[in-house]
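A closer look at the structure
Listed below are the residues making up each chain.
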Amino acid sequence: MDDSEEQDPRSVEDKKFDQIYPPKVRKLSSLHWTPVRVAAEVAKLLVTAPGARVLDVGCGPGKFCLVAAALTDGRFTGVEQRKDLVLAGQQAATRLRLDTVKILHGNVTDIAFVDYDAFYLYNPFEENMSRGHKIDSAVPLSPVLFKKYNNHVAAQLGSMPFGTRVVTYAGYADEIPACYDCAATLFRDELKLWIKNREYDFAIERLGLASSRSHRGPIGWASPRQRP
Ligand SMILES: C[S@@+](CC[C@H](N)C(=O)[O-])C[C@H]1O[C@@H](n2cnc3c(N)ncnc32)[C@H](O)[C@@H]1O
């Protein structure tokens with residue numbers, strides 16, 4: 001275990017960075033926006049070639065995109081369903097003069113993943129299942145939507161080429177289809193790198209095994225198929 005895993009990933013850097021946001025958005029940071037140190041690791045894992053196009057699914061005010069764009073030569077797009085967060089993200093990108101960041105207002109169900117090379121998900125749909133994660137009442141939330149969003153993301157990720165990289169942070173990685181394997185973990189297993197290694201199989205997805213990813217075995221997190 002390295003030093004980065006020993007410490008709480010939220011740091012002084014986060015307090016400084018979050019000043020870019022209006023108070024209401026800043027207040028949500030500790031639970032909802034990616035810590036700077038985590039964003040830096042995610043960026044390294046996802047930008048494997050110059051200009052790699054990375055999609056942040058449910059980007060909030062774009063904190064991951066902004067930090068990652070400042071540190072790498074990737075291109076970062078975030079999609080976010082809450083208009084006030086989109087505006088906060090767009091204003092921050094302008095203030096930081098980061099022209100490799102795009103923040104789109106919309107629902108993930110409107111997004112074609114084929115336009116991107118790599119993907120980041122910080123537990124975006126959890127607020128549909130857990131009151132403690134609810135941001136506000138601006139958008140509809142329900143277990144039915146949780147399933148719908150996860151199924152959409154799983155099918156889109158399933159259609160990507162072999163070798164596609166996805167990072168999840170926190171949560172149970174319910175969005176990741178069984179054709180991806182967990183290739184590495186960081187920050188006490190909270191951050192996971194997933195790589196597509198097999199064809200997407202709709203019949204397997206229909207079995208609904210995704211929730212079994214919450215299993216933590218002797219070798220850390222793994223796809224259900226990998227277990228001994
Ligand atoms: C835990 S926050 C993560 C924010 C950002 N990715 C980060 O790492 O700082 C999840 C965000 O996903 C957004 N979200 C949830 N469901 C969504 C959907 N179906 N389409 C677009 N955005 C969504 C929420 O509004 C929230 O801002």
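Fair warning: this is a prediction, and the values are worked out from it, not measured in the lab. (Residues numbered from 1 in each chain as written. Predicted model: local features only at pLDDT ≥ 70, side-chain atom pairs only at ≥ 80, totals over all residues.)

Regarding the overall build of the protein
Here is the rule we go by: Segments assigned H or I by DSSP are reported as helices when at least four residues long, segments assigned E as strands when at least two residues long, and all are numbered from the N terminus. Using C-beta atoms placed from the backbone, we call a residue buried if 20 or more other C-beta atoms fall within 10 Å of its own, exposed if 12 or fewer do, and partly exposed for counts in between. C-beta atoms are first placed from the backbone for all residues, and any pair lying within 7 Å is then listed as a contact.
On a plain count of helices and strands, the protein comes out with 9 helices and 7 strands. Across the 228 residues in the protein, those meeting the buried criterion constitute 41%. A separation of at least 24 residues holds for 65% of the contacts in the protein among residues at least 6 apart in sequence.

Notes on the sheet that holds strand β7 (residues 191-196)
Strand pairs in the sheet, formed through backbone hydrogen bonds, run parallel or antiparallel to each other. Applied cut-off: Between any two strands, at least two bridges found by DSSP are needed for them to pair. Working convention: axes come from line fits to C-alpha atoms, limited for helices to the stretch in contact. Angles between N-to-C directions cover 0 to 180 degrees.
What the 7 strands build is an open sheet, ordered β3-β2-β1-β4-β5-β7-β6; its pairing is mixed. Each end of this open sheet is capped by a strand with a single partner; those strands are β3 (101-105) and β6 (180-186). Along the sheet, successive strands turn relative to each other by an average axial angle of 20 degrees, direction set aside. Contacts from helix α7 (residues 83-95) reach β2 (75-80) and β3 within the one sheet, and its direction differs from that of β3 by about 165 degrees.

Let's talk about the pairing of β7
Of the pairings in the sheet, the one linking strand β5 (residues 165-169) to β7 comprises 5 bridges and is antiparallel in character. Looking at β7, one finds that Y169 is bridged to L191. Pairing of β6 with β7 involves 6 bridges; the strand directions are antiparallel. Each bridged residue has a counterpart across the sheet, and for A184 the counterpart in β7 is L193.

A few points about the nonpolar core
Note on soluble globular proteins: their nonpolar side chains tend to be buried together. Just so we agree on the cut-off: Put simply, a nonpolar core is a cluster of buried Ala, Val, Leu, Ile, Met, Phe, Trp, Tyr and Cys residues tied together by C-beta atoms within 7 Å.
V42, A68, F119 and Y120 are the most contacted members of the largest nonpolar core, which has 55 residues in total. Once you skip the residues sitting within four places of it in the chain, F119 turns out to touch L55, V57, F113, L157 and V166.

Quick word on the confidence of the model for the protein
Here is the rule: The pLDDT value expresses, per residue, how confident the predictor is, ranging between 0 and 100.
Residues with a pLDDT of 70 or more make up 87% of the protein, whose mean pLDDT is 89. Ranking the elements of the protein by mean pLDDT puts helix α1 (residues 3-6) last, at 46, and strand β1 (residues 53-57) first, at 99. Low pLDDT, under 50, characterises residues 1-6; the predicted model gives this stretch 6 contacts beyond four residues in sequence or across chains. Under a pLDDT of 50 for its full length, residues 214-221 has, in the predicted model, 12 contacts with residues more than four places off or in other chains.

Quick notes on the packing of helix α5 (residues 36-46) against helix α6 (residues 63-71)
Our working rule: Here is the rule for angles: anything less than 35 degrees is roughly parallel, anything more than 145 is roughly antiparallel, 65 through 115 is roughly perpendicular, and the remaining ranges are oblique. It is the rotation of the near helix from the far one that decides the hand of a crossing: anticlockwise by less than a right angle makes it left-handed, clockwise makes it right-handed. Side-chain classes follow a simple rule in which Ala, Val, Leu, Ile, Met, Phe, Trp, Tyr, Cys and Pro form the nonpolar group, Asp, Glu, Lys and Arg form the charged group, and the remainder, Gly included, forms the polar group.
Two elements in contact, α5 and α6, have axes whose closest approach is 9 Å; the angle formed by their N-to-C orientations is 60 degrees. The orientation of α5 with respect to α6, classified from their angle, is oblique. Crossing of α5 over α6 shows right-handed handedness. The residues of α6 that touch α5, namely those facing V36, A39, A40, V42 and A43, are K63, F64, V67, A68 and L71. Per-class residue counts for the contact of α5 with α6 are 9 nonpolar, no polar and 1 charged.

Some thoughts on α7
Put simply, the test is: Helix span is expected to be 1.5 Å times the residue number reduced by one. Working definition: the arc comes from the directions between the helix axis and the C-beta atoms, pointing outward to the latter.
With 13 residues, α7 extends 18 Å between its outermost C-alpha atoms, agreeing within 8% with the 18 Å of an ideal straight helix rising 1.5 Å per residue. Residues of α7 that are buried include every one of L85, V86, A88, G89, A92 and A93, and no others. Taken around the axis of α7, the buried residues stretch over an arc of 165 degrees, which confines them to a single face. Along α7, exposed side chains directed more than 90 degrees from the buried face belong to K83, T94 and R95. R97 occupies a position one or two residues after α7 and carries a positive phi of about 55 degrees.

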